[in-house]
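Each chain is listed here by its residues.
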Amino acid sequence: MKKLKLIILYVSIVFTYSCSNDDVLTDSVKEKSVNNTNSQRAGLKPIGSGVMMQAFYWDVPAGGNWWNTVKAKVQDWSNAGIDAIWLPPVSKAQNGPFSMGYDPFDYYDFGEYDQMGSIETRFGSRTELVALIDSAHQSGLSVIADIVINHNSGGNSEVNPYTGGSTWTDFNPLSGKFYRSATDFHPNNAHSNDSGVFGGFPDLCHNQTYVQDWLWKNSNSVAKYYRDVIGFDGWRFDYVKGFEPWVVKAWKDEVGGFSVGEYWDSNVSTLDWWTSSANASAFDFACYYKMKDAFMGNNLNALNDNMLWKQNASKAMTFVTNHDTDEIINNKILAYAYILTHEGYPTIFYKDYEDWLNKASLNNLIWIHNNLASGSTSILHVDNDEYIAKRNGNNSSGLIVYINNSDAWQERWVETNWSSTTIKDYTGHSSWQPVTQSGKWVKIQAPPKSYSVWSTL
């Protein structure tokens with residue numbers, strides 16, 4: 001009965017709004033969409049051609065200035081070779097001005113409605129968010145939205161006929177869009193559960209047509225509103241273990257855009273299964289944990305093991321740190337040297353780039369990735385302390401990366417793709433410019449606790 005009342009209320013609101021404002025809103029949406037598609041978005045770098053920046057970290061400064069902080073950096077990031085930025089969840093969440101956005105309440109409040117203890121989000125206002133996205137587009141960068149659709153938070157308590165008790169599932173957002181009640185969560189009349197719940201939050205039921213319509217199907221759905229009105233170009237799906245991969249596939253089939261899922265699992269076969277089922281990329285947690293074993297465990301032999309990028313490079317998003325994980329501490333730059341010279345689409349973490357590591361070294365590795373790192377990968381040598389691999393080149397001559405985790409300079413003879421050719425170390429760590437033999441062999445070196453990257457002049 002309560003759901004029926006909500007539906008009647010919703011229809012009434014929509015009808016009233018349509019009579020007075022729908023023509024203006026429709027024209028505005030169309031204009032914004034056309035502008036994004038035909039002008040700004042036409043000038044974006046091809047996503048995956050460079051490196052993605054995770055443009056936040058856990059507990060960025062509260063106070064509503066984060067969008068302005070990021071906006072001031074996007075041109076410099078683009079100049080460095082970044083092709084996309086990934087933003088935190090942008091809508092109003094239960095914890096209001098203090099929330100990092102992973103407890104979503106109103107998907108259409110981007111910092112403009114007085115609810116959950118604030119008008120602005122932790123990151124700023126809707127106006128500032130749109131200005132950031134416009135600035136990123138003008139700098140050639142795609143903007144990736146962090147989408148949290150497994151769970152919601154902040155609803156009122158209501159009697160739940162499916163549980164026989166009361167649940168916090170009565171959602172009445174001030175945006176007037178996507179009201180929710182017990183029927184929209186698990187369990188309900190159509191579906192008892194899906195893949196998993198998170199933190200005790202109400203678990204959205206994607207099998208309900210009403211939920212599908214509001215999330216991606218309707219003309220004013222979350223997906224289409226984020227794409228056409230706010231200006232997002234792609235999606236990072238949070239906690240995809242919590243729902244079936246068909247949800248991501250259906251979303252992507254409806255609205256397009258680059259898509260990557262956070263499937264937190266080190267099993268390569270499981271990650272590969274998910275990317276195929278969802279028709280989306282996945283963060284390469286298998287690679288992450290092998291790098292942790294290699295660099296924290298001081299055994300580079302772990303880099304010989306299987307990873308998603310080795311099995312399906314076109315769907316692998318590699319990373320060293322993110323807002324949830326910062327376990328690779330020892331010689332972290334070596335891990336970046338690994339992902340930025342290997343296959344997969346690498347991600348740079350904001351704090352690593354702006355605060356913790358040497359920015360010039362990261363910029364050099366980004367340049368190497370964008371200009372030299374193409375083609376298939378061949379591992380040439382690996383032991384506890386040394387790792388050498390070759391990229392065989394597609395639209396470049398390729399490269400050889402030498403990672404040295406020992407305390408002394410190391411040298412090795414390796415077989416290259418180049419015969420009687422002068423090569424150099426593009427990191428500047430070695431001053432050698434050796435000439436490969438007619439049989440393509442050459443001696444290269446790498447400094448202690450560091451790396452070198454070799455290619456033709």
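Residues numbered from 1 in each chain as written. Predicted model: local features only at pLDDT ≥ 70, side-chain atom pairs only at ≥ 80, totals over all residues. Heavy atoms only, no water.

Peer 1: When you look at the overall build of the protein chain in this model, what are you seeing that I'm missing?
Peer 2: If you tally the helices and strands in the protein chain, you get 13 helices and 19 strands. At 24 Å, the protein chain has a C-alpha radius of gyration in line with the 23 Å of a compact globule built from 457 residues. Referenced to the eigenvectors of the C-alpha coordinate spread, the extents of the protein chain come out at roughly 80 × 45 × 35 Å. The 457 residues of the protein chain split such that 56% are buried. (Helix = DSSP H or I, 4+ residues; strand = E, 2+ residues; numbered from the N terminus. Rg over C-alpha atoms; globule rule 2.2 N^0.38 Å. Buried < 20%, exposed > 50% of the residue type's maximum accessible area, 1.4 Å probe, protein only.)

Peer 1: Please clarify how helix H7 (residues 245-255) should be interpreted in this entry.
Peer 2: Residues three or four positions apart in an α-helix share a direction because the helix packs 3.6 residues into each turn. Taken together, the buried positions of H7 are occupied by Pro245, Val247, Val248, Trp251 and Val255. Around the axis of H7, the buried residues are gathered within 160° of arc, so they sit on the same side. Check the buried side of H7 and you find it contacts strand S5 (142-147), helix H5 (209-217), helix H6 (222-230), strand S8 (234-237) and helix H8 (268-278). Trailing H7 by a residue or two, Gly256 shows a phi angle of about 70°, which is positive. (Arc of directions from axis to C-beta. Contact = heavy atoms within 4.5 Å.)

Peer 1: I tried to follow the packing of H5 against H6 on my own but got confused; where do I start?
Peer 2: Geometry of a packed helix pair, given as the angle between the helix axes and the separation of the axes. Contact geometry of H5 with H6 gives a least axis separation of 4 Å together with a crossing angle of 10°. One finds that H5 runs roughly parallel with respect to H6. Where H5 abuts H6, its residues Trp214, Leu215, Trp216 and Lys217 lie against Val222, Ala223 and Lys224. Here the contact of H5 with H6 is composed, by residue class, of five nonpolar, no polar and two charged. (Axes fitted to C-alpha atoms, helices over the stretch in contact; angles between N-to-C directions. Parallel < 35°, antiparallel > 145°, perpendicular 65-115°, else oblique. Nonpolar A, V, L, I, M, F, W, Y, C, P; charged D, E, K, R; others polar.)

Peer 1: For this particular structure, what's the right way to read the pattern of salt bridges?
Peer 2: Between side chains of opposite charge, a pair can form when the charged atoms approach closely. With the rule as written, the count across this model stands at 21 salt bridges. In this structure, Asp109 and Lys92 form a salt bridge, with 2.8 Å as the shortest nitrogen-oxygen distance. Note that Asp109 is positioned in the loop between strand S4 (104-106) and helix H4 (126-138) and Lys92 in strand S3 (residues 92-93), a separation of 17 residues in sequence. Owing to a relative accessible area of 0%, Asp109 belongs among the buried residues under this scheme. According to the relative accessible area criterion, Lys92 is buried, its value standing at 0%. The salt bridge involving Asp326 is made with Lys332; its shortest N-O contact spans 2.8 Å. (Salt bridge = Lys/Arg side-chain N within 4 Å of Asp/Glu carboxyl O.)

Peer 1: Sorry, what's going on with the sheet that holds strand S19 (residues 450-456) here?
Peer 2: The pairing of strands in a sheet comes from backbone hydrogen bonds and takes either a parallel or an antiparallel form. What the five strands build is an open sheet, ordered S13-S14-S15-S19-S17; its pairing is antiparallel. Every interior strand has two partners, whereas the edge strands, strand S13 (377-382) and strand S17 (423-425), have only one. Going across the sheet, the axis of each strand differs from the next one's by a mean of 20°, ignoring polarity. As defined by bridge partners, S13 adjoins strand S14 (residues 386-391) across five bridges and the pair is classed as antiparallel. The residue bridging Ile379 from the neighbouring strand is Ala389, located in S14. (Pairing = 2+ DSSP bridges.)

Peer 1: Can you help me understand the packing of H4 against H6 in this one?
Peer 2: At a closest axis distance of 11 Å, the pairing of H4 and H6 adopts a crossing angle of 70°. Judged on the interaxial angle alone, H6 and H4 are roughly perpendicular. Of H6, the residues touching H4 (which contributes Arg126, Leu129, Val130 and Ile133) are Tyr225, Val229 and Ile230.

Peer 1: When you look at empty space enclosed by the protein in this model, what are you seeing that I'm missing?
Peer 2: Where empty space is left in the structure can be found by rolling a water-sized probe over the atoms. All chains considered together, the criterion is met by four cavities of 30 Å³ or more. Considered as a void within the structure, the largest cavity measures approximately 70 Å³ in volume. Pro89, Val90, Ser91, Gly101, Pro104, Tyr107, Asp146, Ile147, Val148, Val222 and Tyr226 are the residues that line the largest cavity. If you list the elements that add at least two residues to the lining of the largest cavity, you get S5 and H6. When grouped by side-chain class, the residues that make up the lining of the largest cavity number eight nonpolar, two polar and one charged. (1 Å grid on protein atoms, 1.4 Å probe; cavity = no way out; pocket = protein on both sides within 12 Å on 5 of 7 lines; lining within 4 Å. Points joined across faces, edges and corners; volume = space filled by probe spheres on them.)

Peer 1: How should I be thinking about the side chain of Ser221 in this particular structure?
Peer 2: Relative to the helices and strands, Ser221 resides in the loop between H5 and H6. Taking relative accessible area as the criterion, Ser221 reaches 0% and is therefore assigned buried. For Ser221, the side chain forms a polar contact with the main-chain nitrogen of Lys224, separated by 3.2 Å. Apart from the residues lying within four places of it in its own chain, the contact partners of Ser221 are Tyr108, Asp213, Trp214, Leu215 and Trp216. (Polar contact = N/O pair within 3.5 Å; in protein donor to acceptor, adjacent residues only side chain to side chain.)

Peer 1: I tried to follow the pairing of S8 on my own but got confused; where do I start?
Peer 2: For a regular strand, side chains alternate in direction, first toward one face of the sheet and then toward the other. Judged by which residues are buried, S8 turns out to be covered on both faces: Gly234 and Arg236 on one side and Trp235 and Phe237 on the other are all buried. Here S5 runs beside S8; their pairing, made up of four bridges, is parallel. Along S8, the bridge assignment pairs Asp146 with Arg236. Pairing of S8 with strand S9 (residues 258-261) involves four bridges; the strand directions are parallel. If you follow Trp235 over to S9, its bridge partner there is Ser259. For the crossover from S8 across H7 to S9, the handedness is right-handed. (Right-handed = clockwise from strand over helix to strand, strands pointing away.)

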